[in-house]
Amino acid sequence: MTLASLGRILFLLGCFFLLSCGKNKKDNLFLLFPFLISQNSSSVASPNSTGETTNSTGETSGNSGANSSNSSNSSNSSNSSTTNSNSGVTSTAETANTLGSWSMQAYVKAPIGDISDQFGWSVAASGDTIVVAALEEDSNQTTITNGNSASADNSAALSGALYVFIRSGNSWSMQAYIKASNAGQDDQLGWSLSMSGDTIVAGARGEDSNQTTIINGSGASTNNSANDGGAAYVFVRSGTSWSQQAYLKPPNIDGNDQYGYSAAISGDTIVIGTHQEDSNLTTITNGSTASADNSLFNSGAAYVYVRSGSNWSQQAFLKASNAEASDAFGFTVAVNGNLIAVAAINEDSDQITITNGSSASSNNSSLNSGAVYIFSRSGSNWSQEAYIKSPNPDNSDQLGRAALALDGNTLAVGALSEDSNQTTITNGVSASADNSLNSSGAAYVFVRNGAVWSMQAFLKAPNAEADDQFGFSVALSLDTIAVSANLEDSNQTTISTVASSNNSGISSGAVYVFIRSGNSWSMQAYVKAPNAGGGDQFGYSLALHRDTMLVGAYTEDSNQTTITNGTTASTDNSRGDSGAAYVFFRQ
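Residues numbered from 1 in each chain as written. Predicted model: local features only at pLDDT ≥ 70, side-chain atom pairs only at ≥ 80, totals over all residues. Heavy atoms only, no water.

## Some thoughts on the overall build of the protein chain
Working step 1: Helix and strand counts for the protein chain come out as 2 helices and 37 strands.
Working step 2: As displayed, the protein chain offers around 19,500 Å² of accessible surface, 49% of which is attributable to carbon and sulfur atoms. (Helix = DSSP H or I, 4+ residues; strand = E, 2+ residues; numbered from the N terminus. Areas by Shrake-Rupley, 256 points an atom, 1.4 Å probe, with all protein chains shown as cover.)

In structure tokens form, the structure reads like this:
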């Protein structure tokens with residue numbers, strides 16, 4: 001008999017003993033639970049990921065993405081078994097994350113955190129690097145500070161700034177303080193944010209220049225004649241130093257377009273969303289031009305850019321095939337390799353199926369239900385591959401609002417205004433049509449097989465309540481999805497596998513982590529800040545890269561100006577809305 005077999009026999013005998021004696025059998029089972037988990041933990045293969053996550057966010061990050069990201073959450077890679085072109089990490093036969101446990105690794109604050117700086121508005125992550133935006137940081141600096149200091153000047157209100165942090169071992173330190181080269185009042189650098197390897201793209205939706213060309217290099221226009229036309233900036237790292245590589249503007253810039261409201265990067269491809277662009281086009285323009293027509297108010301658009309060497313150029317101008325006024329196409333965007341996802345959060349059709357191909361519904365009977373469009377690239381040309389609707393679209397659900405993440409052949413989409421009272425996961429193609437829990441929120445998982453998309457899961461919080469806004473931000477990496485509910489109300493300050501039903505920490509926020517095994521999703525963790533406070537909105541932004549998760553809480557209030565490496569965080573509340581970010585790691 002092998003030692004492993006003997007161990008199993010002894011384990012079973014122990015289970016029988018504990019479960020058959022004493023008055024508190026539930027307590028006995030609880031004692032066994034950690035060991036049961038360890039016996040069943042395994043590595044799950046990732047059938048459809050090609051690398052890192054790219055998240056983008058309009059209101060939040062990826063990311064995600066956001067990233068947010070999203071990323072957010074930040075990038076794409078070539079195939080496993082080759083060097084990841086975005087992160088510099090080589091992997092062979094890469095598998096998904098194992099069923100480990102999450103713990104907090106660091107509590108990150110800006111070195112000069114002023115009241116209302118909103119550090120943590122958007123976040124991004126790639127490898128051992130994270131980026132955090134302080135949307136309403138006020139300095140007039142127009143250069144990058146490589147190191148751990150930042151300007152205390154407050155003469156350019158709401159100009160915005162980015163902070164870069166790096167990990168060595170388990171410890172985080174600041175690497176750079178990034179400002180736009182034409183930083184101006186109300187520009188709001190970092191409204192959107194994404195990262196891929198050593199490249200960051202950040203949107204400044206309030207930037208005002210009327211420039212219609214790209215500046216490759218460190219320059220940018222100081223013209224302010226196109227109010228809130230918007231801009232995006234590309235920053236790159238060489239060694240440990242960061243510099244501005246490009247200043248991106250659309251060829252059809254207009255006042256109030258808010259170009260840069262969303263942004264995402266994957267390797268040498270960037271996509272920028274402009275949800276208030278007004279052209280009436282319903283086709284894709286491959287090349288460097290874009291329509292100057294303004295007859296379809298706030299129909300929205302997205303712009304694709306590619307890098308050759310260190311120079312960026314426009315590759316395509318994307319429009320929805322059923323573009324209509326106020327659809328807000330481009331509110332959130334995500335990119336991974338040769339795939340782009342763009343959300344039109346106010347699209348109005350009542351379709352409950354996915355259309356694979358280049359068409360989309362012209363029905364308008366489900367106001368602001370929202371839709372997501374998938375575009376794919378062949379060579380240098382882009383075409384629409386799919387039009388994605390949820391199976392339970394409803395008025396004002398706004399599918400894709402603030403949450404869109406794309407990794408390999410998997411797409412995660414948040415719908416923070418979805419209203420069902422479901423508290424379980426539905427694996428498959430259906431979703432609840434109940435509307436009794438206003439803005440409880442939901443997230444949807446879609447997968448691609450060849451060029452055909454289908455729905456894989458409908459995710460809900462196990463403690464779903466009205467106005468929690470589950471799905472406000474999503475982040476995706478391999479077989480893991482993180483979903484935030486920025487207005488969740490529990491006062492819990494620990495990470496657990498069970499979600500709290502307590503409501504004494506109003507809008508403190510929470511993050512839920514889900515994992516995939518085969519084609520099925522289950523919840524792995526319920527994550528709260530160790531200093532969870534009312535109104536902190538933990539999870540307003542979110543990024544996920546493999547086993548590292550970054551969570552922004554832009555309305556956190558502590559006056560701390562240093563990083564705390566470890567599991568604790570300040571409970572001081574003397575600097576309102578200074579903001580914070582939290583790093584979590586899974587072992």
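## Overview of the sheet that holds strand β17 (residues 285–286)
Working step 1: If you trace the 5 strands from one edge of the open sheet to the other, you get β15-β16-β18-β19-β17, paired in antiparallel fashion. Two strands close off the open sheet at either side, each with one partner strand: β15 (262–266) and β17.
Working step 2: As judged from the 7 bridges shared by strand β18 (residues 301–308) and strand β19 (residues 311–318), these two strands associate in the antiparallel manner. When the bridges of β19 are listed, Y303 appears paired with F317. (Pairing = 2+ DSSP bridges.)

## Digging into the sheet that holds strand β21 (residues 339–344)
Working step 1: Taken in spatial order, the 5 strands make up an open sheet running β20-β21-β23-β24-β22, and their pairing is antiparallel. At either end of the open sheet lies a strand with only one pairing partner, and these are β20 (329–336) and β22 (355–356).
Working step 2: Where β22 meets strand β24 (residues 381–388), 2 bridges bridge the pair, whose relative direction is antiparallel. For T355, the partnering residue across the bridge sits in β24 and is Y387.

## Describing the nonpolar core
Working step 1: Counting 33 residues, the largest nonpolar core has V372, I374, I388, L411, F446 and W453 as the members making the most contacts within it.
Working step 2: Sorting the residues of this core by element identifies β20, β21, β23 (371–378), β24, β25 (404–407), β26 (410–415), β28 (442–449) and β29 (452–459) as the ones contributing at least two each.
Working step 3: Setting aside anything within four residues of it in sequence, one finds F446 in contact with I354, I388, K389, N409, T410, L411, V413, W453, S454, M455 and Q456.
Working step 4: Counting 22 residues, the second largest nonpolar core, distinct from the first, contains A443, L459, A485 and F514. (Core = buried A, V, L, I, M, F, W, Y, C linked by side-chain atoms within 4.5 Å. Buried < 20%, exposed > 50% of the residue type's maximum accessible area, 1.4 Å probe, protein only. Contact = heavy atoms within 4.5 Å.)

## Some words on the pairing of strand β35 (residues 548–553)
Working step 1: With 6 of 6 residues buried, β35 lies mostly within the body of the structure.
Working step 2: The alternating pattern of β35 places T548, L550 and G552 on one face and M549, V551 and A553 on the opposite face, and all of these are buried.
Working step 3: Pairing of strand β34 (residues 541–545) with β35 involves 5 bridges; the strand directions are antiparallel. Note that in β35 the partner of H545 across the bridge is T548.
Working step 4: What sits between the antiparallel neighbours β34 and β35 is a turn of 2 residues, in which R546 has the positive phi angle 55°.

## Concerning the pattern of salt bridges
Working step 1: In the structure shown here, the tally under the stated rule is 13 salt bridges.
Working step 2: A salt bridge links K109 to E556, with the nearest nitrogen and oxygen atoms 2.8 Å apart. With K109 in the loop between β4 (102–108) and β5 (119–126) and E556 in the loop between β35 and β36 (564–565), this pair connects stretches of sequence that are 447 residues apart.
Working step 3: Relative accessible area serves as the criterion here: at 2%, E556 is assigned to the buried category. (Salt bridge = Lys/Arg side-chain N within 4 Å of Asp/Glu carboxyl O.)

## Some remarks on the side chain of Q524
Working step 1: Along the chain, Q524 turns up in strand β33 (residues 520–527).
Working step 2: According to the relative accessible area criterion, Q524 is buried, its value standing at 11%.
Working step 3: Within the structure, the side chain of Q524 is placed 2.9 Å from the side chain of W102, a separation counted as a polar contact. (Polar contact = N/O pair within 3.5 Å; in protein donor to acceptor, adjacent residues only side chain to side chain.)

## Quick notes on the packing of aromatic side chains
Working step 1: Counted under the stated rule, the structure contains 25 aromatic pairs.
Working step 2: Ring centres 5.4 Å apart and planes at 50° place the aromatic pair Y107 and Y582 in the tilted group. One end of the pair, Y107, is in strand β4; the other, Y582, is in strand β37 (residues 580–586), with 475 residues separating them in the sequence. The same class applies to Y107 and to Y582, which are both buried.
Working step 3: Look at Y540 and Y554: their rings are 4.3 Å apart centre to centre, the planes differ by 50°, and that puts the pair in the tilted class. Pair noted here: Y540 is in the loop between β33 and β34 and Y554 is in the loop between β35 and β36, with a separation of 14 residues, a long-range link. (Phe/Tyr/Trp six-rings, centres within 6.5 Å; stacked < 30°, edge-to-face > 60°.)

## Thoughts on the environment of G160
Working step 1: Summarising the element assignment, G160 is placed in the loop between β7 (145–146) and β8 (161–168).
Working step 2: Here G160 falls in the buried class, since its relative accessible area comes to 0%.
Working step 3: Here the alpha-carbon distance between G160 and G190, two residues 30 residues apart in the chain, equals 6.4 Å.

## Things to note about the environment of Q276
Working step 1: Relative to the helices and strands, Q276 is located in the loop between β16 (269–274) and β17.
Working step 2: Separated by 25 residues in sequence, Q276 and A301 have C-alpha atoms that sit 7.7 Å apart.
Working step 3: Within polar-contact distance, the side chain of Q276 engages the backbone oxygen of N256 at 2.6 Å.

## Describing the side chain of T199
Working step 1: Positionally, T199 belongs in strand β11 (residues 199–204).
Working step 2: Polar side-chain contacts of T199 include one of 3.1 Å to the side chain of R307.
Working step 3: Those residues in contact with T199 that lie beyond four places of it in its chain are S194, V234, F235, V236, I265 and R307.

## Examining the pairing of β33
On a regular strand, one side chain projects to one face of the sheet and the next to the other, so that they alternate.
Working step 1: Bridge count between strand β32 (residues 510–517) and β33: 7 bridges; the pairing is antiparallel. Bridge assignment links S517 to a residue of β33, and that residue is S520.
Working step 2: Adjacent in sequence and paired antiparallel, β32 and β33 are bridged by 2 residues, among which G518 carries a positive phi angle near 65°.

## A word on the confidence of the model for the protein chain
Caution applies to low-pLDDT regions: their predicted coordinates should not be interpreted in detail.
Working step 1: Taken residue by residue, the protein chain gives an average pLDDT of 86. The fraction at 70 or more is 83%.
Working step 2: With pLDDT under 50 throughout, residues 1–99 is counted as low confidence; its partners more than four residues away or in other chains account for 326 contacts. (pLDDT = per-residue confidence, 0-100.)

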